[in-house]
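# Working through the structure, step by step
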Amino acid sequence: MSQVFDLVLKGAEVATPNGLEKISVGVSNGRIAGLGKIDADGAECLDLGGLTVLPGVIDSQVHFREPGLEHKEDLESGTRAAALGGVTGVFEMPNTNPSTLTADDLANKLARAKGRTWVDHAFFMGSSEENAHALAELELLPGCCGIKIFMGSSTGSLLVEDDEALLKVLKSGRRRVSIHAEDEARLRERMALVRDGGPVSLHPEWRDVEAARLATDRILRLARKAGRKIHVLHISTAEEIPLLAANKDLATMEATPQHLTLAAPECYEEWGSLAQMNPPIREARHREALWQAVRDGVVDVIGSDHAPHTLEEKQRDYPRSPSGMPGVQTLLPLLLDHFNAGRLTLQRLIDLTSAGANRIFNIAGKGRIALGYDADFTVVDLKANRTIEPDWLASKCGWSPFEGKAIKGWPVMTIVRGHVVMREGSLLGAPIGEPIRFQETL
Ligand code: DOR
């Protein structure tokens, strides 16, 4: 007797570890239970002719602002934006209010997420001198994707600045630690440049190349000393890439779609403080170096650093305008457009949006289309021509620097553990997101 599945995907090109295959996918109990020629009798069947099924996209850097900053975003609206953009899993950052620093803070986020999230999720634990001793235990709590260190201050109050404190954090625990690498001492030194105001185009001069390079160089040395693996987030300079390439045994790195798509000074001329983020968008030579690093395999993952602020907040005079831009919903459309423009292959796109997060963070059962893995799929139309329309965007902040941009390649369906949560721009069913599991905490 042939196996009866809950759901069968057929007719599509499916991106398995073997490459693109014209096969069917059978789902049972939220997991992938059949690949190949499949009898769809008795199952709900999705006919996906002409479409491509990718492993569910995982965005390993989002700020969803809950608790405390829900006027900018919350877990429901943030995950809604994720599902609409073809993202099936998110890792959320700890610079909320309160910051995520204790087991109770994490439990609070997990409780808030229950029944309100459209995609699967995990939360970063923030680090400080005060909680350093507890991090080895905290990082192993279910629903935690790891520790985050802010070496330079950004939105919120999290900061671990000097070598001694950084070593304390790095020595507490074993999982890979995610790093915001900007050198706080240099940022303070150069603050005079902008303290009395000025054009937002000064942002990459205040938070300059050297501030990023110094911090990345320092954290690599400290991580080596502590024997701790690190993941350096949102790389923004050509200068950091050789440092990271020389330490691949120790460090992984993230690039964002913003740093791969925008460049100074045009972005500041066109978008003003909406293009302001930390670390800053810089001149085109950095963007080109990042693309080279994508092609060379030095970049391990692409995360959106979705960091929404309201238009009203963004309209404050620089430098009081907050840093960050939304991005979880536009991550995949932008990358599909870059794929169609020949900037990366589909294989590399998949590596950077699902397999990469699996590798870096030791996710259990997500990140590839293989038997036994969660049935998370991002179905895309590689040839669709669309425009990023304001009324498609779900983030509470209500804007994107990519509004009006013509895109070739589009997510048409988001499937989380066998539940179709988005089809052709509409959300379906109820928010069924669950905590993501990790190998360390199975
Ligand atoms: O631009 C940024 N915005 N960079 C960060 O590191 C934080 C983020 C935010 O939370 O607003």
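Residues numbered from 1 in each chain as written. Predicted model: local features only at pLDDT ≥ 70, side-chain atom pairs only at ≥ 80, totals over all residues. Heavy atoms only, no water.

We now examine the pairing of strand 7 (residues 52–55). Looking at chain direction, strand 2 (residues 13–16) and strand 7 are connected through two bridges and run parallel. Bridge pairing in strand 7 links Val14 to Val53. Of the strand pairs in this sheet, strand 7 and strand 16 (residues 377–387) are connected by four bridges, and their pairing is antiparallel. If you follow Pro55 over to strand 16, its bridge partner there is Phe377. (Pairing = 2+ DSSP bridges. Helix = DSSP H or I, 4+ residues; strand = E, 2+ residues; numbered from the N terminus.)

Counting buried residues along strand 8 (residues 57–62), six of its six residues qualify, which places the element largely inside the surrounding structure. Relative to strand 9 (residues 87–92), strand 8 runs parallel, the two being bridged by four bridges. By the bridge assignment, Val57 is partnered in strand 9 with Val87. Once you follow strand 8 into helix 1 (residues 75–84) and on to strand 9, the crossover reads as right-handed. (Buried < 20%, exposed > 50% of the residue type's maximum accessible area, 1.4 Å probe, protein only. Right-handed = clockwise from strand over helix to strand, strands pointing away.)

Mapping Thr261 onto the fold places it in helix 10 (residues 257–261). Residue class for Thr261 comes out buried when judged on its relative accessible area of 14%. Within polar-contact distance, the side chain of Thr261 engages the side chain of His338 at 2.9 Å. Among all residues touching Thr261, those that are not within four sequence positions of it are Arg287, Leu334, His338, Phe402 and Lys405. (Polar contact = N/O pair within 3.5 Å; in protein donor to acceptor, adjacent residues only side chain to side chain. Contact = heavy atoms within 4.5 Å.)

Looking now at the state of the cysteines. Throughout the structure, instances matching the rule amount to zero disulfides. Of the cysteine sulfurs around Cys144, a residue in no disulfide, the closest is that of Cys145, at 5.8 Å. Its relative accessible area of 0% is what places Cys144 among the buried residues. Free of any disulfide, Cys267 has its nearest neighbouring cysteine sulfur in Cys397, separated by 17 Å. When its relative accessible area of 3% is taken as the criterion, Cys267 is described as buried. (Disulfide = S-S within 2.5 Å.)

Our next topic: empty space enclosed by the protein. Using a probe with the size of a water molecule, rolled over the atoms, empty space left in the structure can be pinpointed. In total, this model carries four cavities of 30 Å³ or more according to the counting rule given. Looking at the largest cavity, its volume works out to about 110 Å³. Taken together, 17 residues line the largest cavity, and the ones lying closest to its centre are His63, Ser154, Asn278, Asp305 and Ala307. Broken down by class, the residue content of the lining of the largest cavity amounts to three nonpolar, 11 polar and three charged. Considered as a void within the structure, the second largest cavity measures approximately 60 Å³ in volume. His306, Pro326, Gly327, Val328, Gln329, Thr330, Leu393, Ser395, Trp399 and Ser400 are the residues that line the second largest cavity. A breakdown of the residues in the lining of the second largest cavity according to their chemical character gives four nonpolar, six polar and no charged. (1 Å grid on protein atoms, 1.4 Å probe; cavity = no way out; pocket = protein on both sides within 12 Å on 5 of 7 lines; lining within 4 Å. Points joined across faces, edges and corners; volume = space filled by probe spheres on them. Nonpolar A, V, L, I, M, F, W, Y, C, P; charged D, E, K, R; others polar.)

Once that is clear, we can look at the site of the ligand. Around the ligand, the surrounding shell holds 13 residues, and the nearest of these are Arg65, Asn95, Thr155, Asn278 and Ser323. One nitrogen or oxygen atom from the side chain of Thr155 is found 2.7 Å from an oxygen atom belonging to the ligand. Between the ligand and Gly324, the relevant distance is 3.3 Å, taken from an oxygen atom to a main-chain nitrogen or oxygen of the residue. Taking 290 Å² as the accessible area of the ligand by itself, protein coverage stands at 100%. Taken atom by atom, the bulk of the ligand overlaps the largest cavity. Taken together, the residues of the shell around the ligand break down into three nonpolar, nine polar and one charged. (Near = heavy atom within 4 Å. Areas by Shrake-Rupley, 256 points an atom, 1.4 Å probe, with all protein chains shown as cover. Sits in = over half its atoms within 2 Å of the grid points.)

Before going further, it helps to spend a moment on the UniProt feature "domain: Amidohydrolase-related" (unreviewed entry) in the chain. Per the UniProt annotation, the sites labelled "domain: Amidohydrolase-related" (unreviewed entry) are residues 52–421. Span residues 52–421 is 34% helix and 19% strand, its end C-alpha atoms 17 Å apart. (UniProt positions renumbered as here; feature names shortened; annotations may be inferred.)

Another aspect to go through is unusual backbone geometry. Following Glu66, the chain continues to Pro67 via a peptide bond in cis, the omega torsion being 10 degrees. When you line up the elements, Pro67 lands in the loop between strand 8 and helix 1. Here the bond from Ala264 into Pro265 is cis, since omega is 0 degrees, no more than 30 degrees from zero. Along the polypeptide, Pro265 turns up in the loop between helix 10 and helix 11 (266–271). Phi angles above zero are rare outside glycine, and Arg417 is one such case at about 45 degrees. For Arg417, the location among the structural elements is in the loop between strand 17 (406–416) and strand 18 (419–423).

On to the sheet that holds strand 5 (residues 31–36), then. Here we have four strands laid out as an open sheet, ordered 5-4-1-6, and mixed in their pairing. Looking along the sheet, the strands with just one partner apiece sit at the ends: strand 5 and strand 6 (44–47). On average, adjacent strands in this sheet sit at an angle of 20 degrees to one another, irrespective of strand direction. The pairing of strand 1 (residues 7–10) with strand 4 (residues 24–28) spans three bridges and is classified as antiparallel. When the bridges of strand 4 are listed, Leu7 appears paired with Val27. (Axes fitted to C-alpha atoms, helices over the stretch in contact; angles between N-to-C directions.)

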